[in-house]
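Chain by chain, the residues run as shown.
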Amino acid sequence: MTVALRESRILIVGLGLIGGSLAAALRQAGFGRLDSHEAGVGGAVERAEILACDPDADEIARGIEMGLIDRGDTRLETMVEGATLVVLAVPVLAMAGVMKALAACLDRAAPTVVVTDVGSTKAAIREAAVAAFGRMPASLVLGHPIAGSEKSGVAAADPELYAGHKVILTPEPDTDPAATARVRALWATTGAEVLEMDVARHDQVLARTSHLPHLLAFSLVDTLARQDERLEIFRYAAGGFRDFTRIAGSDPVMWRDIFIANRDAVLASLDDFDVGIARLRRAVERGDGDAMLATFDRASHARHYFESLLNQTSYQAEYQMQQHGKLRYRVSPGGGVIGRIRVPGDKSISHRSIMLGALAEGVTEVKGFLEGEDSLATLQAFREMGVAIEGPHQGRVTVHGVGMQGLKAPSGPLYVGNAGTAMRLFAGLLAGQAFDTELTGDASLTRRPMGRVADPLRLMGAEIDTAEGGRPPLHIHGGKALKGIRYDMPMASAQVKSCLLLAGLYAEGETRVREPAPTRDHTERMLSGFGYEVHRDGDTCWLQGGGQLIAAPIDVPSDVSSAAFFLVAAAITPGADLVLEHVGINPTRIGVINILQLMGADLRLENEHEVGGEPVADLHIRYAPLKGIDIPVDQVPLAIDEFPSLFVAAANAEGTTRLRGAEELRVKESDRLQAMADGLATLGVTHTLYEDGIEIIGGHYGGGRIDSLGDHRIAMAFTVAALRAGGEIVIDDCANVATSFPGFIDLARRVGLSLVEESSSEEGT
Ligand SMILES: O=C(O)C1=C[C@@H](OP(=O)(O)O)[C@@H](O)[C@H](O)C1
Ligand SMILES: C=C(OP(=O)(O)O)C(=O)O
């Protein structure tokens, strides 16, 4: 928790860009302004002050002139007296001298003085502190604001320099927590986000993410400049050069110091870089396009992932937000549904293809992989754990399996965006690893229940921390010996079942899961396809831990959950005649087909065959009037993701459609019962909402504006509803359609819907 900044006198030692910007940010936040009274809690009257000490008297004069500091001096001993917080903002190599000087005059400071620094490397500064003070003082909290600019000097001070940036503090085990809290308060006041890590980790992380890129930028610019003495070449330098080398304009002295101070960690990161660049060099030499593509591809995905991590949103959605603000669909009423289309690959199977491929011995070739954000998040997470994955390229992915024990600890949290499947299956798989992991997701996923997996995993011996109410993030402690359990699932969930089976691979003995109703069995099928024995007897499946997976090719069928939107579109539109090719018709997934047929849809399965252990067919649907039905309760888990579109079918059926026993819909990407009920109400569809279901009376309905709540399936369901609406339907917050159905808009237009995508920043908001 961050406490408020209560210092009465802050002394900044070293008034350059970093120290000056700190003063500017504090001033901007109101600290030490004439009209403010931060000093002292209980009514002290003195105004808080910012003082500076710098060897350059001109810098101090400029600082005073700019209103950043109250006064300053070139001698430390005259300034320390009365300071409550001292910030050392001198170059890294000057730190040792300053620490010594400080140690000599600290008795003049307030008894509770806290000292911190801003140095970019920490081990060398800790050494300097120990040399100066004889040990690390409990009131010295080392820190590093990760912000900077290629400019230098107090004249370039920027009050916004730290806003939204990270500041890493590296307290020691015996650092006074109250001192840490005060340094936190200092940085929080500048608008920075304050984190803590240990010194060694800080130096490694910074060597890779900051020091190495600076070294490369300095080197590249220098190499090119030397080759062309008149610098003629820079006349032709385009954006790529500018983007890559901006940081080569940074302060040379500061960077010299950093490379001296963080020598070992920088050399280690340079060694890694050498290996990578040598590999690329060989690929270029040999004209090995595949190798180049594999590298560029991994890098490009990693870059997008990095972006999304920063923004904590799924990556296409994030890109979309950056470019256009929030995405909205504007769907004209009417339209036809005619043609022959193929929807993208199955999301559930795509997730699993990467997971099992990564843990297998050998290389798994996947085709038909869903290039949606959910399954891409799974793919990226395995890259983070050291698995080489090529692609995806038009649905083809090559996973170089590392074996059951071959995953490496990721260097940070694994961010799985919007994907519940990824988080829950990962929980099981990661519980069995030797290393710790943290699983995070976007705002929607962070609201979803994870106790359903954490609780049974704990029974197996896993150690998992969740946020309040069993919500993400999940902290999974590695190195725990798991034991097989017999588990009666309280809800019909394939995610929970799959999570436990994956943990069971790492558990001693047998892991048995009983499901209250059949749920999708892709995990079991794929495990069998990878040579791992999975048994089933009635409602229970089980496996023995300790086996291994052998890579096998995977052909991912089209996703019946995506096909569902077009099945419903055709089912409700007079004159419709549509073929959906190569759709997965696994018996645990065909609830939507069964329900539509019960409602009277003219829906036939053609060209049925099997690919890689999963049945597929072309689905041929023509318009026929629908009638309301009571949805058989045994169909609910088999159609769990298809209800948003089925509700639209119900709104177009004659009579009443009743659904009960579907309380699971309340814990999906949104509360889908509520979200659909609200949208149907907007369109004027008569319905009654229950805790576990809904009754919908079919009939005519109008247009309106719908909030999809960022739920992909709500957005697509109401798009389809427009085919029979009396007016235009506008749907907000649609970017997450890309999580499961990239290209939805194009296919919708291709079959005959009329819609445009627009951003909420455009006219007519
Ligand atoms: O195992 C899977 O791939 C899935 C299982 C279902 O979730 P539950 O297990 O929570 O029902 C489903 O809603 C989800 O889209 C995918
Ligand atoms: C519920 C869904 O997915 P997940 O649980 O993986 O987020 C879905 O795709 O409808």
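Here the structure is a predicted model, which means the values were calculated and not measured. (Residues numbered from 1 in each chain as written. Chains lettered and ligands numbered in written order. Predicted model: local features only at pLDDT ≥ 70, side-chain atom pairs only at ≥ 80, totals over all residues.)

(A) Examining the overall build of the chain more closely. When helices and strands are tallied, the chain shows 26 helices and 32 strands. Of all 765 residues assigned to the chain, the portion counted as buried reaches 48%. Relative to all contacts within the chain whose residues are 6 or more apart in sequence, the contacts with residues 24 or more apart total 76%. (Helix = DSSP H or I, 4+ residues; strand = E, 2+ residues; numbered from the N terminus. Buried ≥ 20, exposed ≤ 12 C-beta atoms within 10 Å, placed from the backbone. Contact = placed C-beta atoms within 7 Å.)

(B) Region of the structure containing helix H14 (residues 373-384). The end-to-end C-alpha distance of H14 is 16 Å, a good match for the 16 Å that twelve residues give at a rise of 1.5 Å each. In terms of burial, H14 is a largely internal element, eleven of the twelve residues being buried. When H14 is considered as a whole, its buried residues turn out to be Glu373, Asp374, Ser375, Leu376, Ala377, Thr378, Leu379, Gln380, Ala381, Phe382 and Glu384. Looking one or two residues past H14, glycine 386 carries a phi angle of roughly 85°, positive in sign. (Expected span 1.5 Å × (residues − 1).)

(C) Main features of the sheet that holds strand E28 (residues 686-690). With antiparallel pairing, the three strands of this open sheet are ordered in space as E27-E29-E28. Single-partner strands in this sheet number two, and they are strand E27 (656-659) and E28. Across the sheet, the axes of successive neighbouring strands diverge by a mean angle of 5°, strand direction being ignored. Summarising the sheet, E28 and strand E29 (residues 693-697) pair through five bridges and their orientation is antiparallel. Across the sheet, the residue bridging to tyrosine 690 is glycine 693, located in E29. Across the sheet, helix H22 (residues 643-651) is in contact with E27 and E29; its angle to E29 comes to roughly 30°. Against the sheet, helix H23 (residues 672-683) engages E28 and E29, with an angle of about 160° to E28. (Pairing = 2+ DSSP bridges. Axes fitted to C-alpha atoms, helices over the stretch in contact; angles between N-to-C directions.)

(D) Structural context of the site of ligand 1. Close contacts around ligand 1 come from Ser348, Thr421, Ser493, Ala494, Gln495, Ser498, Arg520, Ile640, Asp641 and Glu664, and that covers them all. Considering each element in turn, the shell around ligand 1 owes the most residues, three residues, to helix H18 (residues 494-505). By residue class, the composition of the shell around ligand 1 is two nonpolar, five polar and three charged. If you count residues domain by domain, the shell around ligand 1 takes at least three from each of domain 3 (328-342 + 557-759) and domain 4 (347-553). (Near = placed C-beta within 6 Å. Nonpolar A, V, L, I, M, F, W, Y, C, P; charged D, E, K, R; others polar. Domains from an automatic or database assignment.)

(E) Expanded view of the sheet that holds strand E1 (residues 9-13). Here we have six strands laid out as an open sheet, ordered E3-E2-E1-E4-E5-E6, and parallel in their pairing. Here the strands that pair on one side only, and so sit at the sheet edges, are strand E3 (71-73) and strand E6 (140-141). When E1 meets strand E2 (residues 49-53), the two strands line up parallel, connected through five bridges. Directly across from valine 13, in E2, lies its bridge partner cysteine 53.

(F) Representation of the site of ligand 2 in the model. Taken together, Asp374, Asn418, Ala419, Gly420, Thr421, Asp641, Lys668, Glu669, Arg713 and Ser740 form the complete shell of residues around ligand 2. For the shell around ligand 2, the class distribution of residues is one nonpolar, four polar and five charged. The residues that make up the shell around ligand 2 include at least three from each of domain 3 (328-342 + 557-759) and domain 4 (347-553).

(G) Representation of the environment of leucine 327 in the model. By the element assignment, leucine 327 lies in strand E10 (residues 327-331). Taking the C-beta count within 10 Å as the criterion, leucine 327 has 26 such neighbours and is therefore assigned buried. Considered as a pair, leucine 327 and isoleucine 731 are 404 residues apart in the sequence and their alpha carbons are 8.8 Å apart.

(H) Structural detail: the nonpolar core. Core analysis: the largest hydrophobic core is formed by 82 residues, its most contacted members being Leu567, Val568, Phe647 and Ala649. Top contributing element to this core by residue count: helix H20 (residues 560-572), with eleven residues. Counting 67 residues, the second largest nonpolar core, distinct from the first, contains Ile349, Val387, Tyr506 and Trp542. (Core = buried A, V, L, I, M, F, W, Y, C linked by C-beta atoms within 7 Å.)

(I) Summary view of helix H17 (residues 451-459). The set of residues buried in H17 consists of Arg452, Val453, Ala454, Pro456 and Leu457. Elements in contact with the buried residues of H17: helix H15 (420-431), strand E17 (463-467), strand E18 (471-477), strand E19 (486-488) and H18. A positive phi of about 105° marks glycine 461, the residue just after H17.

(J) Just the UniProt feature "active site" (unreviewed entry) in the chain, in detail. When the UniProt feature table is mapped onto this chain, "active site" (unreviewed entry) is found at Asp641. Along the polypeptide, aspartate 641 turns up in the loop between strand E26 (614-622) and H22. The residues touching aspartate 641, leaving out its near neighbours within four places in the chain, are Ser561 and Arg713. (UniProt positions renumbered as here; feature names shortened; annotations may be inferred.)

(K) Fine view of the confidence of the model for the chain. Residues at a pLDDT of 70 or more form 94% of the chain, whose mean pLDDT is 92. Across residues 37-45 the pLDDT falls below 50, and counting only partners more than four positions away or on other chains, this stretch makes twelve contacts in the model. The ipTM assigned to the predicted complex is 0.98, against a pTM of 0.69. (pLDDT = per-residue confidence, 0-100.)

(L) Structural context of the packing of H20 against H22. Contact pair H20 / H22: the axes reach a minimum separation of 9 Å and the direction vectors enclose 5°. In terms of axis orientation, H20 runs roughly parallel to H22. Contact with H20, carried on its side by Ala564, Phe565, Val568, Ala571 and Ile572, involves Ser645, Leu646, Val648 and Ala649 of H22 and no other residues of that element. Here the residues of the contact of H20 with H22 sort into eight nonpolar, one polar and no charged. (Parallel < 35°, antiparallel > 145°, perpendicular 65-115°, else oblique.)

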